[in-house]
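# Close look at the chain arrangement
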Amino acid sequence: MNNRPSPLVIPIFIPHAGCPHRCVFCDQTAITGIETTPAVADIRPVLRRFLAYNRRKRSPVQAAFFGGNFLGLAPDRIIDLLKETDDCVREGLIDQVRFSTRPDTITEQTLDLISGFSVRAIELGIQSMDDGVLSLSRRGHTAMQNRKALQQLKERGYETGAQIMTGLPGDSGHPSVQTAEILAALAPDFVRIYPAVILAGSTLARWHQDGRYTPPSLDDAVRLVATLHEIFTAHDIPVIRMGLQPTEDLEYGGAVQGGPYHPAFGHLVQSEIFLRKEIRAVSDLSGHTAEITLIVNPRDVSAARGQKNSNIRRLEKTCGVRAIRVIEDESLNPGQLICR
């Protein structure tokens, strides 16, 4: 198990910057609420404002370029941004840099370009390991390029992240499961899972209006992502994000026009994972299930109960349990469950 402290990540959004085209699901401005790419001179003030109210002790601080295709930027622009963040590292303002980029921008030339800078982690917009899904989503890269990019980053010693999406056109669920199984074997250092939602102004929004695309339900998306999470967990690969980070535009600005968006999507998935554990544990009690006690780490009480006690009700109905207690035990690891 990887017990390194999680970094404090300060996002610097570069919406659509460096992207060669627009994928059918994408609208970074809608997701981030930011319309322009920051100037180099804006970076230090952004970092200082964030650290003024959110400094986590004993964790490395990372400046993170998100929302665009970092290695798709002009080489001079890449160097200017990394020189600025390296100055921030030397000042002690941050410790490291990370960014997200497309797999087809990972080449020996681009990796040589960033060599020597304080880049620690690189996240790849994998999205799927199914070429049909990638083509329908107009990604412009292949599953083989995904695989090669991960291997190249590992060979260079970078911490590697994989961002994947469920519910894309052509993905009935099975391609997502296969994607998780293939990626788990490739062993990225961490994963983010985003169910595709219908964003205003995206191609997916037009397809939905025309009847060419039907998104999965929230319940189906939760169950699928729970299965993917279990696959990665079985390979000791952390899933560091599930679902879009809630923003004012997503919540109230009309940016989301359909699909399985929920501001607490990750919690719904964790609750589903706990429900599966609970059903298995209750079944192992060999029918002695009239009254049971669930013992969990204090951090897991909410997930064990489910949203509005939904897990408790499901257990009572599915397993014939009459009374269920949930007890906290700090000696248990997060995610661990004892049923008696």
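Look up a bit, the structure's there.
Procedures and definitions
- In every chain, residue numbers begin from 1 and rise along the written sequence.
- Only residues with pLDDT of at least 70 get local features here, since the model is predicted, and only at 80 or more are side-chain atom pairs given and counted; chain-wide, interface and lining totals rely on the full set of residues.
- Only hydrogens and water are removed before side-chain values are computed, so all heavy atoms of the structure are retained for them.
- Only DSSP runs of H or I reaching four residues or more are called helices, and only runs of E reaching two or more are called strands; each is numbered from the N terminus.
- Using a 1.4 Å probe on the protein chains alone, a residue whose accessible area is under 20% of its type maximum counts as buried, one over 50% counts as exposed, and one in between counts as partly exposed.
- All accessibility values rest on the Shrake-Rupley procedure with a 1.4 Å probe; residue burial counts only the protein chains present in the view.
- Working convention for charge: Lys and Arg count positive, Asp and Glu count negative, and His plus the chain ends are omitted.
- Working definition for charges: the position is that of NZ of Lys, CZ of Arg, CG of Asp or CD of Glu.
- Two aromatic rings, drawn from Phe, Tyr or Trp (for Trp, its six-membered ring), form a pair once their centres lie within 6.5 Å of each other, and the interplanar angle then sorts them: stacked below 30 degrees, edge-to-face above 60, tilted otherwise.
- Either the NZ atom of lysine or the CZ atom of arginine qualifies as a charge over a ring when it sits within 6 Å of the ring centre and within 35 degrees of the ring normal.
- In this scheme, strands are said to pair when DSSP sees at least two bridges between them.
- For this analysis, a polar contact is any N or O atom pair within 3.5 Å, provided that within protein one partner can donate a hydrogen and the other can accept it, and provided that sequence-adjacent residues contribute only side-chain to side-chain pairs.
- By definition, residues are in contact when any of their heavy atoms lie within 4.5 Å.
- When we speak of the arc, we mean the arc of directions from the helix axis to the C-beta atoms.
- Basic side-chain nitrogens of Lys or Arg form a salt bridge, by our definition, when they fall within 4 Å of a carboxyl oxygen of Asp or Glu.
- In this analysis, axes come from line fits to C-alpha atoms, helices being fitted only over the stretch in contact, and the angle between any two N-to-C directions falls in the range 0 to 180 degrees.
- Residue types Ala, Val, Leu, Ile, Met, Phe, Trp, Tyr and Cys, when buried and joined through side-chain atoms within 4.5 Å, form a set referred to as a nonpolar core.
- Take the number of residues in a helix, subtract one, and multiply by 1.5 Å to get its expected span.

Right, let's talk about the overall build of the protein for a bit. Of regular secondary structure, the protein possesses 13 helices and 12 strands. Seen through its principal axes, the protein has C-alpha atoms that stretch 70 × 50 × 40 Å. When each of the 340 residues of the protein is scored for burial, the buried share is 51%. Counting only carbon and sulfur atoms, one obtains 48% of the accessible surface of the protein, whose full area is about 16,100 Å². If the 38 positive side-chain charges of the protein are averaged to one point and the 38 negative ones to another, these points end up 2 Å apart.

Tallied over the full model, the rule gives two aromatic pairs. Relative to F99, the ring of F70 has its centre 4.5 Å away and its plane inclined at 25°; by these criteria the two rings are stacked. Of this pair, F70 sits in the loop between β2 (61-66) and α3 (75-91) while F99 sits in strand β3 (residues 96-101), and the two are 29 residues apart along the sequence. Judged by relative accessible area, which is 0%, F70 ranks as buried. Taken together through their ring pairs, the aromatic side chains of F65, F70 and F99 make up a single cluster. When the ring centre of F274 is taken as reference, the NZ or CZ atom of K277 above it lies at 4.9 Å.

Let's shift gears to the pairing of strand β10 (residues 291-296). Taking burial as the measure, the six residues of β10 include five buried ones, the bulk of the element. Bridge analysis of β10 against strand β11 (residues 323-328) gives six bridges, and the strand direction is parallel. Bridge pairing in β11 places V296 opposite E328. Taken together, the three bridges between β10 and strand β12 (residues 337-339) define a ladder with antiparallel strand orientation. Across the sheet, I295 pairs through a bridge with I338, a residue of β12.

Inspection of the secondary structure puts S137 in the loop between α5 (131-136) and α6 (143-156). Residue classification places S137 among the buried positions, given a relative accessible area of 0%. A polar atom in the side chain of S137 sits 3.0 Å from the backbone oxygen of V133. Excluding residues within four positions of it along the chain, S137 makes contact with C23, V24, F25, L168 and P169.

Okay, helix α2 (residues 40-53) next. Residues I43, R44, L47, F50 and L51 constitute the buried set of α2. Around the axis of α2, the buried residues are gathered within 135° of arc, so they sit on the same side. Of the residues in α2, the exposed ones pointing more than 90 degrees away from the buried face are A41, R49, A52 and Y53. Contacts made by the buried residues of α2 are with β1 (8-13), β2 and α3.

Taken as a whole and judged by the stated rule, the model has 13 salt bridges. Connected through salt bridges with shared partners, the residues R44, R48, E84 and E91 form a single ionic network.

Reading across from one edge, β1-β2-β3-β4-β5-β6-β8 is the order of the seven strands in this open sheet, with parallel pairing throughout. The sheet is open, and its two edges are formed by β1 and β8 (239-242), each paired on a single side. Looking at each pair of strands side by side, their axes are set apart by 20° on average, direction ignored. The pairing of strand β6 (residues 190-195) with β8 spans three bridges and is classified as parallel. By the bridge assignment, V191 is partnered in β8 with V239.

The next subject is the nonpolar core. Membership of the largest hydrophobic core comes to 61 residues, with the highest contact counts inside it found for L47, F65, F70, I114, L183, I193 and F232. Ranked by residues supplied to this core, first place goes to helix α9 (residues 218-234) with eight residues. In this structure, V24, F25, A196 and L250 belong to the second largest nonpolar core, which totals 20 residues.

Our focus in this paragraph is the sheet that holds β10. One open sheet accounts for three strands, arranged β11-β10-β12; its pairing is mixed. Taken across any chain shown, the strands that pair with only one partner, and hence form the sheet edges, are β11 and β12. For this sheet, the mean inter-axis angle between neighbouring strands, taken without regard to orientation, is 20°. Set on the sheet, helix α11 (residues 265-283) makes contact with β10 and β12; between it and β12 the angle comes to about 35°.

Taking 1.5 Å per residue as the helical rise, helix α7 (residues 174-186) with its 13 residues ought to reach 18 Å, and the 19 Å between its terminal C-alpha atoms agrees with that figure. Burial in α7 covers these residues: P175, S176, V177, T179, A180, L183, A184 and L186. Packing partners of the buried residues in α7 comprise β4 (119-127), α5, α6, β5 (159-166) and α9. Positive backbone phi, at 60°, marks A187, one or two positions downstream of α7.

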